[in-house]
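Each chain, written out:
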Amino acid sequence: MALEMTVGGGPGAPGRFLRRFPWNLAAPALAIAALGAWNLASASRTAQSPVWVAQLWFMGAGVVLALAVSLLDDRTWLRMAHVFYGVVIVLLLVVLLKGRWVMGARRWLAIGPVSFQPSELAKIAVALSLARWFHMDAEKHEGSYGLARLAAPIGLTLLPVILILREPDLGTALVVLAIGATVILFAGVRWQAAAALLGTVAVAVVLVLPHLKPYQRKRIEAFLHPEGDALGAGYHATQSMIAVGSGQGTGKGWGQGTQTALRFLPEQHTDFIFSVWAEEHGFLGCLLLIGLYLALVSAGLSIAGNARDRFGHLLAAGITGMIFWQAAINMAMVVGMLPVVGVPLPLMSYGGSAVIATFLGLGLLANVAVRRFVN
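What you see is a predicted model; the values in this text were computed from it and never measured.

1. So, the sheet that holds strand E2 (residues 105-111)
Reading across the sheet, the three strands line up as E1-E2-E3 and stay open at both edges, with antiparallel pairing between neighbours. In the strand order of this sheet, the two ends are held by strand E1 (100-102) and strand E3 (114-116), each with one partner. Between one strand axis and the next, the sheet turns through 40° on average, direction left out of account. Two elements, E1 and E2, share three bridges in a ladder whose sense is antiparallel. Along E2, the bridge assignment pairs Val102 with Ala105.

2. Here we look at unusual backbone geometry
A cis geometry characterises the amide bond from Glu167 onward to Pro168, with omega recorded as 0°. Counting through the fold element by element, Pro168 comes out in the loop between helix H6 (151-165) and helix H7 (170-187). Non-glycine residue Gln248 carries a positive phi angle of around 50°. With respect to the helices and strands, the residue Gln248 is situated in the loop between helix H10 (235-246) and helix H11 (258-261).

3. Let's talk about the packing of helix H4 (residues 74-98) against H6
At a minimum axis distance of 9 Å, the contact between H4 and H6 shows a crossing angle of 20°. By the angle class used here, H4 and H6 are roughly parallel. As H4 packs across H6, the resulting crossing turns out to be left-handed. Each of Tyr85, Ile89, Leu92, Leu93 and Leu96 in H4 lies in contact with H6, whose residues at this interface are Gly155, Leu156, Leu159, Pro160, Leu163 and Ile164.

4. A word on the nonpolar core
Within the largest apolar cluster, 89 residues are counted, with the highest numbers of intra-cluster contacts made by Phe134, Leu315, Leu345, Met348 and Leu362. When near neighbours in sequence (up to four residues on either side) are disregarded, Met348 contacts Ile32, Leu35, Gly36, Asn39, Leu40, Gln55, Ile273, Trp277, Leu289 and Tyr293. With six residues, the next largest nonpolar core counts Phe17, Phe21, Leu71 and Ala366 among its residues.

5. Things to note about the packing of H6 against H7
One way to put it is that H6 packs onto H7 with a least axis distance of 8 Å and a crossing angle of 175°. In terms of orientation, H6 lies roughly antiparallel with respect to H7. Taken together, the residues of H7 that come into contact with H6 (itself represented by Pro153, Ile154, Thr157, Leu158, Pro160, Val161, Ile164 and Leu165) are Leu170, Thr172, Ala173, Val176, Leu177, Gly180 and Ile184. Of the residues in the contact of H6 with H7, the class split is 12 nonpolar, three polar and no charged.

6. Description of the confidence of the model for the chain
Per-residue confidence for the chain gives a mean pLDDT of 86; residues scoring 70 or more make up 88%. Low pLDDT (under 50) marks residues 1-8, which in the prediction has 31 contacts with non-local residues, meaning those over four places away or in another chain.

7. Here we look at the packing of aromatic side chains
Counted according to the given criterion, the structure contains six aromatic pairs. Centre to centre, the rings of Trp38 and Trp254 are 6.4 Å apart; their planes meet at 10°, and the pair counts as stacked. Of this pair, Trp38 sits in helix H2 (residues 23-43) while Trp254 sits in the loop between H10 and H11; the two residues are 216 residues apart in sequence, bridging distant segments of the chain. Judged by relative accessible area, Trp38 falls into the partly exposed class, the value being 40%. For Trp254, a relative accessible area of 37% corresponds to the partly exposed category. Relative to Tyr350, the ring of Phe58 has its centre 6.1 Å away and its plane inclined at 45°; by these criteria the two rings are tilted.

8. With respect to empty space enclosed by the protein
Enumeration over the complete set of coordinates arrives at two cavities of 30 Å³ or more. In this model, the largest cavity occupies a volume close to 90 Å³. Residue lining of the largest cavity: 13 residues in total, with Asp74, Gly312, Asn367, Val368 and Arg371 positioned closest to the centre. For the lining of the largest cavity, the secondary structure elements donating two or more residues are H4, helix H13 (310-334) and helix H14 (352-371). With four residues, the single largest contributor to the lining of the largest cavity is H14. When grouped by side-chain class, the residues that make up the lining of the largest cavity number six nonpolar, two polar and five charged. Roughly 30 Å³ of volume is contained in the second largest cavity.

9. With respect to the pattern of salt bridges
All chains considered together, the criterion is met by five salt bridges. A salt bridge links Arg75 to Asp73; the nearest nitrogen and oxygen atoms lie 2.7 Å apart. What makes Asp73 buried here is its relative accessible area of 9%. Between Arg371 and Asp309 there is a salt bridge, and its shortest N-O distance comes to 2.8 Å. With Arg371 in helix H14 and Asp309 in the loop between helix H12 (273-305) and H13, the pair connects residues that are 62 residues apart, well separated along the chain.

10. A look at the side chain of Asp137
If you trace the backbone, Asp137 turns up in helix H5 (residues 118-138). According to the relative accessible area criterion, Asp137 is buried, its value standing at 8%. For Asp137, the side chain forms a polar contact with the side chain of Arg149, separated by 2.9 Å. For Asp137, the contacting residues outside a window of four places in its chain are Tyr145 and Arg149.

Definitions and limits used
- Residues numbered from 1 in each chain as written.
- Predicted model: local features only at pLDDT ≥ 70, side-chain atom pairs only at ≥ 80, totals over all residues.
- Heavy atoms only, no water.
- Pairing = 2+ DSSP bridges.
- Helix = DSSP H or I, 4+ residues; strand = E, 2+ residues; numbered from the N terminus.
- Axes fitted to C-alpha atoms, helices over the stretch in contact; angles between N-to-C directions.
- Parallel < 35°, antiparallel > 145°, perpendicular 65-115°, else oblique.
- Left-handed = near helix turned anticlockwise from the far one by under 90°.
- Contact = heavy atoms within 4.5 Å.
- Core = buried A, V, L, I, M, F, W, Y, C linked by side-chain atoms within 4.5 Å.
- Buried < 20%, exposed > 50% of the residue type's maximum accessible area, 1.4 Å probe, protein only.
- Nonpolar A, V, L, I, M, F, W, Y, C, P; charged D, E, K, R; others polar.
- pLDDT = per-residue confidence, 0-100.
- Phe/Tyr/Trp six-rings, centres within 6.5 Å; stacked < 30°, edge-to-face > 60°.
- 1 Å grid on protein atoms, 1.4 Å probe; cavity = no way out; pocket = protein on both sides within 12 Å on 5 of 7 lines; lining within 4 Å.
- Points joined across faces, edges and corners; volume = space filled by probe spheres on them.
- Salt bridge = Lys/Arg side-chain N within 4 Å of Asp/Glu carboxyl O.
- Polar contact = N/O pair within 3.5 Å; in protein donor to acceptor, adjacent residues only side chain to side chain.

Shown next, in the form of structure tokens:
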């Protein structure tokens, strides 16, 4: 598995690589990461251990990983996509058997002093595996996909979703499902098949609701009636909306958020990091951050549209979907538009597994972007 610049060898290769590198992708990503570390420094200023320092280490490792991934021969990812998927499935099974319990869920694997969440890698694995499946299938069949031909990609998506739901981790399972749906739709699906899939999802939701954990049902009830239990199941959503609203137009300023300082805001350095940002930087700060995410997603869609082959096109669409869906769900969650399901905000929320997975995805996007210049 050779490490090589995908723009070709020769003494001018580094220069060509830098000229062809997708800086329109890297610039918003690095800007969000920098704002994320700065915001975490405020969110954790009252904590004994400032998590922003650890986040900087995660981000540094992520940048190195993204650069390495962007330099790899892209054919390696095509060949190894199913292997990566298989390894992630095995890790998800190991989590269910020997994973570490944290806050009532078994989501973590510990290898020596290092703990990580394999479910974060499942997001990348589904995008890679589906992109490879549709790429290989296009060599055998032509035309759009009906429901029968979608059995394999649906199965590749649902297997990790089911395993993640068993941990349980509803938020990550929904994101993985959304990534799979994004790749399938970009692959070209007949409208009848798309309608059938939506109907199947609706039926599945109805069937799953009675089997949700008690805390998950309470979160849905709190979303529908947040005032009914503002000190119980609705506490997270209520405090988050107070923080967002109190930021008003320009915010209270860095380190001046009262919801953050007095620790009324729950999980303020992870799932509710956007609430910290909104309280301290206000509506204008939120517009800035949303604009950066839109620039990042726009760059990803541009890479998908200009990809040289079907594998790169669908892989870029899946990774872009991963970033978009996580950002959209998280922001909608903290302002009360969706139930609290525990989805991190990419490059803003604290967490090594999520940061590394995001930078891995960005490296794959850069790889697809650079490869389109290769003969």
